[in-house]
Amino acid sequence: MKVRVSNIQRFSLHDGPGIRTTIFLKGCNLNCPWCANPENKSYNFTEYYNQNTKEKGIFGKDYTCDELFNEIMKDYDYYTLDNGGVTFSGGEPLLQIKAMLPLLKKLKEKKINICFETALQVQTELIQEAVDYVNEWIIDMKILDADECKNILNGDIELYFKNLDFLKYKNITIDIFRIPFSNEYTLKDNNIELLIKALKKYNYKNVEIFKIHNLALSKYQSIGIEPEELTEVSDEMLEKVYKIFKISGINVKIINI
């Protein structure tokens, strides 16, 4: 089995502790209107055309676990600095977990810190496959109302909480809950209340909040997709949410992505 990757980003500083190599995997089962990596929504190879540079290409390359391991090991010397390592992002990296198991075993043997950045809305069996190998969990929190999660994200909020309960049962502390804010979707009052309620239920180290941006516009254009227009969240509004979280006892910080 091979692992389908869209990009290998070296010297990442915001995808877990230390200096990291971030592997972006193809394929996602959600359809977030604000997605920053639209080239990874589909598992299929995705053609692109850059109108500015006239460059044509394909998002997606298949690696054997040995090939991907060799790519990761190119940065091995940097991983010893401040608990660096490798982060698997996407897309939804857990969807390819079965193909990745030989790679994860080799990384664990080398004592390389492994982080998964995930929306966690996958079958619990996939998380069970990963849990013995993952050192760091970065988990998205988005829309927590069941109907809106289904209708807007194509998500399953019951499955999401089932998976969080599984990690809690395994005595796993979530390293980061990461929450994107948009005026149209995640900033609704009822969603803020649901976010705070959920955060109080689970063990975590940090909560990171950020506002949706349009930095992926060129990606959408290059693959022929028209992105949904979202209004920018003001700094004042993000600061207001930050204070609400703080008052509620949430360990939160504002980040820029």
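Going by the structure above, here's the rest.
Scope of this entry: the structure provided in the associated data block. (Residues numbered from 1 in each chain as written. Predicted model: local features only at pLDDT ≥ 70, side-chain atom pairs only at ≥ 80, totals over all residues. Heavy atoms only, no water.)

**Comments concerning the sheet that holds strand β2 (residues 20-25)**
Spatially, β5-β1-β2-β6-β7-β8-β9-β10-β11 is the arrangement adopted by the 9 strands of the open sheet, whose pairing is mixed. In the strand order of this sheet, the two ends are held by β5 (61-63) and β11 (252-254), each with one partner. When the angles between neighbouring strand axes are averaged without regard to direction, this sheet yields 30 degrees. Where strand β10 (residues 204-211) lies against β11, 3 bridges are found, and the strand directions are parallel. (Pairing = 2+ DSSP bridges. Helix = DSSP H or I, 4+ residues; strand = E, 2+ residues; numbered from the N terminus. Axes fitted to C-alpha atoms, helices over the stretch in contact; angles between N-to-C directions.)

**Re the packing of helix α1 (residues 65-73) against helix α3 (residues 97-109)**
Close contact between α1 and α3 brings their axes to 9 Å; oriented N to C, the two are set at 40 degrees. Judged by the inter-axis angle, α1 sits oblique to α3. Between α1 and α3 lies a crossing whose hand is right-handed. Where α1 abuts α3, its residues Cys65, Asp66, Leu68, Phe69 and Ile72 lie against Ala99, Met100, Pro102, Leu103, Lys106 and Leu107. The residue makeup of the contact of α1 with α3, split by class, is 9 nonpolar, no polar and 2 charged. (Parallel < 35°, antiparallel > 145°, perpendicular 65-115°, else oblique. Left-handed = near helix turned anticlockwise from the far one by under 90°. Contact = heavy atoms within 4.5 Å. Nonpolar A, V, L, I, M, F, W, Y, C, P; charged D, E, K, R; others polar.)

**Let's talk about the pattern of salt bridges**
Considering all chains together, one arrives at 15 salt bridges under this definition. Among the salt bridges present, the one from Arg178 reaches Glu117, with a minimum N-O distance of 3.1 Å. Highlighted residues: Arg178 in strand β9 (residues 174-181) and Glu117 in strand β7 (residues 113-118), separated in sequence by 61 residues. Classification of Arg178 by relative accessible area gives buried; the value is 5%. Classification of Glu117 by relative accessible area gives buried; the value is 14%. Between Asp235 and Lys211 there is a salt bridge, and its shortest N-O distance comes to 2.5 Å. Placement of Asp235 in helix α9 (residues 235-247) and of Lys211 in strand β10 is noted, with a sequence separation of 24 residues between them. Through salt bridges that share partners, Arg10, Glu71, Lys74 and Asp75 make up one connected network. (Salt bridge = Lys/Arg side-chain N within 4 Å of Asp/Glu carboxyl O. Buried < 20%, exposed > 50% of the residue type's maximum accessible area, 1.4 Å probe, protein only.)

**Here's the deal with unusual backbone geometry**
The peptide bond linking Gly90 to Gly91 adopts the cis configuration, its omega dihedral lying at 5 degrees. Of note, Gly91 is situated in the loop between β6 (85-89) and α3. Of note, Asn154 is a non-glycine position whose phi angle comes to about 60 degrees, a positive value.

**Quick look at the packing of aromatic side chains**
Think of a pair of aromatic rings as described by two things: how far the centres are apart, and how the planes are tilted against each other in angle. Tallied over the entire structure, the rule returns 9 aromatic pairs. Aromatic side chains Tyr48 and Phe59 sit 4.7 Å apart centroid to centroid with 40 degrees between the ring planes, which places their arrangement in the tilted category. One end of the pair, Tyr48, is in strand β3 (residues 46-50); the other, Phe59, is in strand β4 (residues 55-59), and 11 residues separate them in sequence. There is no split in this pair, since Tyr48 and Phe59 are both buried. Connected via pairs of aromatic rings, a cluster forms that spans Phe88, Phe116 and Trp137. One residue, Arg4, lies across the ring of Phe45, its end atom 3.9 Å from the ring centre. Seen from the ring of Phe69, Lys106 lies directly overhead, with NZ or CZ sitting 4.3 Å from the centre. (Phe/Tyr/Trp six-rings, centres within 6.5 Å; stacked < 30°, edge-to-face > 60°. Lys NZ or Arg CZ within 6 Å of the ring centre and 35° of its normal.)

**Some details on the side chain of Asn37**
Secondary-structure assignment places Asn37 in the loop between β2 and β3. Given the relative accessible area of 18%, Asn37 is considered buried. A distance of 3.0 Å separates the side chain of Asn37 from the side chain of Lys219, its partner in a polar contact. Residues contacting Asn37, with those up to four places away along its chain left out, are Phe24, Gly90 and Lys219. (Polar contact = N/O pair within 3.5 Å; in protein donor to acceptor, adjacent residues only side chain to side chain.)

**Digging into the pairing of β2**
Taken across its 6 residues, β2 has 6 buried, putting it largely inside the fold. Side chains of β2 alternate between two faces, with Arg20, Thr22 and Phe24 and Thr21, Ile23 and Leu25 buried alike. Pairing geometry for strand β1 (residues 3-12) and β2, over 5 bridges, is antiparallel. When the bridges of β2 are listed, Ser12 appears paired with Arg20. Here 5 bridges tie β2 to β6, and the two strands are oriented parallel to one another. Opposite Phe24, over in β6, you have Ser89 as the bridge partner.

The values reported here are purely geometric and, on their own, carry no functional implication.
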